[in-house]
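Per-entry structural report
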Amino acid sequence: MKAMVLHKPAPAETDPLRYEDYPTPTPRRGEVLIRVISCGVCHSNLHMIEGDWVKYGVPAKLPIIPGHEIIGKVVELGEGVENFRKGDIVGAQPLYSACGRCEYCLTGNEHLCNSVQITGETVDGGYAEYFVGKADYMYKVPDNIDPETSSPLFCPGVTAYRASKLANLGPGKKAYVLGIGGVGHVAIQTSKLFGSEVIAVSTSESHAKLAEEMGADKVVVTNRDYSNLEDHYEKADSVIVFSPSQRAIDAAVKLAKKQATVVVGVFGNINDFRFPKELVIRGSVVGSRKDMQEVLNLASKGLIKLKVTKFKLQEANEVLKKLKRGEIVGRAVLLP
Ligand SMILES: [Zn+2]
Ligand SMILES: [Zn+2]
């Protein structure tokens, strides 16, 4: 098969992915081989490809095929797979597999399992013509969902939804969403589903426009250091951060009211933490299988919309450069 393969992490400007022949995987027991229809390009793919996450042990192997938000058609089933048939349209998310036995797995938090495998980071992902996944960690895509443009449900969708679930949202409350990229544009919608008034904050005019389209009650365009947000300080019941920026995290803590919940979905530090505010600060990472299924149900009812631009698989290096420059509005997907 053809795939976009990473042999060595390097800056996006140097075209680190190579379009080349790669062995087509064979499904083993409990596995499913799909012909990839689309795969989203996540900001975390960019981090891995450029080597930012070598310190966290990612990628766990080289060469590796990146990509962890995947929709495809089942072409072959490994032994013992009973939940899918050939021809089914299915999806895979970053949670590739988990041990099934630890305290996290047994309490519905399998995405936190210590033995978790991550699609496109510890095992090959979806920047390819074929992908093999674990049947127990794949999902049937509802018929009324377009397979070419809906693969981002499998990372931004579930990531935004879980963050909203954890943000203590509700009617009569005010929530800020910081960063209106692939995940943020979904987080506006999922946060509104829980009843909060949603104020979107972005450093980019084009992303701010997208926030309006996605139903934000108010949109604030801020500067790179978030210094023009003073009027908003101590106003939010919830703040959700998806902008991969330390300044955004710093701003989030200031926007939060006393006893507010700040949900952080990016790496960074909590500075200037004032305990008398009784803030709750918590992380959120992708989501469990239950979260993922709920996202598919909501999308099937038309309650989650994605802004997607299609590219060819071979264009992955170009897409990564655009993403790095902030030129992707919503999400880019690769079609083999
Ligand atoms: Zn992702
Ligand atoms: Zn486990």
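**Regarding the overall build of the chain**
In terms of regular secondary structure, the chain is built from seven helices and 17 strands. Burial status across the chain gives 54% buried among its 336 residues. Long-range contacts, defined here as pairs at least 24 residues apart, represent 66% of the contacts in the chain between residues at least 6 apart. A distance of 2 Å separates the average location of the 42 positive side-chain charges in the chain from that of its 39 negative side-chain charges.

**Brief notes about the coordination of the zinc ion (ligand 1)**
In the first shell of the zinc ion (ligand 1), the protein supplies C42 (SG), H68 (NE2) and C155 (SG), at 2.0 to 2.2 Å from the metal. One chain supplies every donor to the zinc ion (ligand 1), and in sequence these donors are spaced C-x25-H-x86-C. Residue C42 is found in the loop between β3 (31-40) and α1 (43-50), and its partner C155 is found in the loop between β9 (138-140) and α2 (156-165); the two are separated by 113 residues along the sequence. Given a relative accessible area of 5%, C155 falls into the buried group.

**Notes on the domain arrangement of the chain**
Domain assignment breaks the chain into domain 1 (2-155 + 286-335) and domain 2 (158-283). Spacing between the C-alpha centres of domain 1 and domain 2 amounts to 26 Å. Opposite the 29 residues of domain 1 that make contact, domain 2 presents 19 residues. Of the roughly 1900 Å² buried between domain 1 and domain 2, counting both surfaces, carbon and sulfur atoms make up 60%. Between the two partners, domain 1 and domain 2, sit three salt bridges. Residue D291 is joined to K165 by a salt bridge in which the shortest nitrogen-to-oxygen separation is 2.7 Å.

**Digging into the packing of aromatic side chains**
Within this structure, the stated rule accounts for six aromatic pairs. Ring centres of W53 and F267 lie 5.6 Å apart, and the angle between their planes is 80 degrees; on these two criteria the pair is classed as edge-to-face. Taken together, the residues span a long stretch of sequence, with W53 in the loop between α1 and β4 (70-77) and F267 in the loop between β14 (256-264) and β15 (280-283) at a distance of 214 residues. Judged by its relative accessible area of 52%, F267 falls in the exposed class. Members of the aromatic cluster, connected to one another through ring pairs, are W53, Y56 and F267. Residue placement shows R35 over the ring face of Y130; its charged tip is 5.2 Å from the ring centre. For R289, the ring lying beneath its charged end belongs to Y137, and the centroid distance is 4.2 Å.

**Focus: the sheet that holds β14**
The strand order across the open sheet formed by six strands is β12-β11-β10-β13-β14-β15, and the pairing between neighbours is parallel. Two strands close off the open sheet at either side, each with one partner strand: β12 (218-221) and β15. Averaged over all pairs of adjacent strands, the angle between their axes in this sheet comes to 20 degrees, without regard to strand direction. Summarising the sheet, strand β10 (residues 174-178) and strand β13 (residues 236-241) pair through four bridges and their orientation is parallel. Its bridge partner being in β13, L178 is matched across the sheet by V241. Packing of helix α5 (residues 246-255) onto the sheet brings it into contact with β10, β13, β14 and β15, and relative to β14 it is tilted by some 150 degrees.

Criteria and thresholds
- Residues numbered from 1 in each chain as written.
- Chains lettered and ligands numbered in written order.
- Predicted model: local features only at pLDDT ≥ 70, side-chain atom pairs only at ≥ 80, totals over all residues.
- Heavy atoms only, no water.
- Helix = DSSP H or I, 4+ residues; strand = E, 2+ residues; numbered from the N terminus.
- Buried < 20%, exposed > 50% of the residue type's maximum accessible area, 1.4 Å probe, protein only.
- Contact = heavy atoms within 4.5 Å.
- Lys, Arg positive; Asp, Glu negative; His and termini not counted.
- Charge placed at Lys NZ, Arg CZ, Asp CG, Glu CD.
- Donors = N, O, S within 2.8 Å, 3.2 Å for Na, K, Ca; no water.
- Domains from an automatic or database assignment.
- Buried area = accessible area lost by both parts, 1.4 Å probe.
- Salt bridge = Lys/Arg side-chain N within 4 Å of Asp/Glu carboxyl O.
- Phe/Tyr/Trp six-rings, centres within 6.5 Å; stacked < 30°, edge-to-face > 60°.
- Lys NZ or Arg CZ within 6 Å of the ring centre and 35° of its normal.
- Pairing = 2+ DSSP bridges.
- Axes fitted to C-alpha atoms, helices over the stretch in contact; angles between N-to-C directions.

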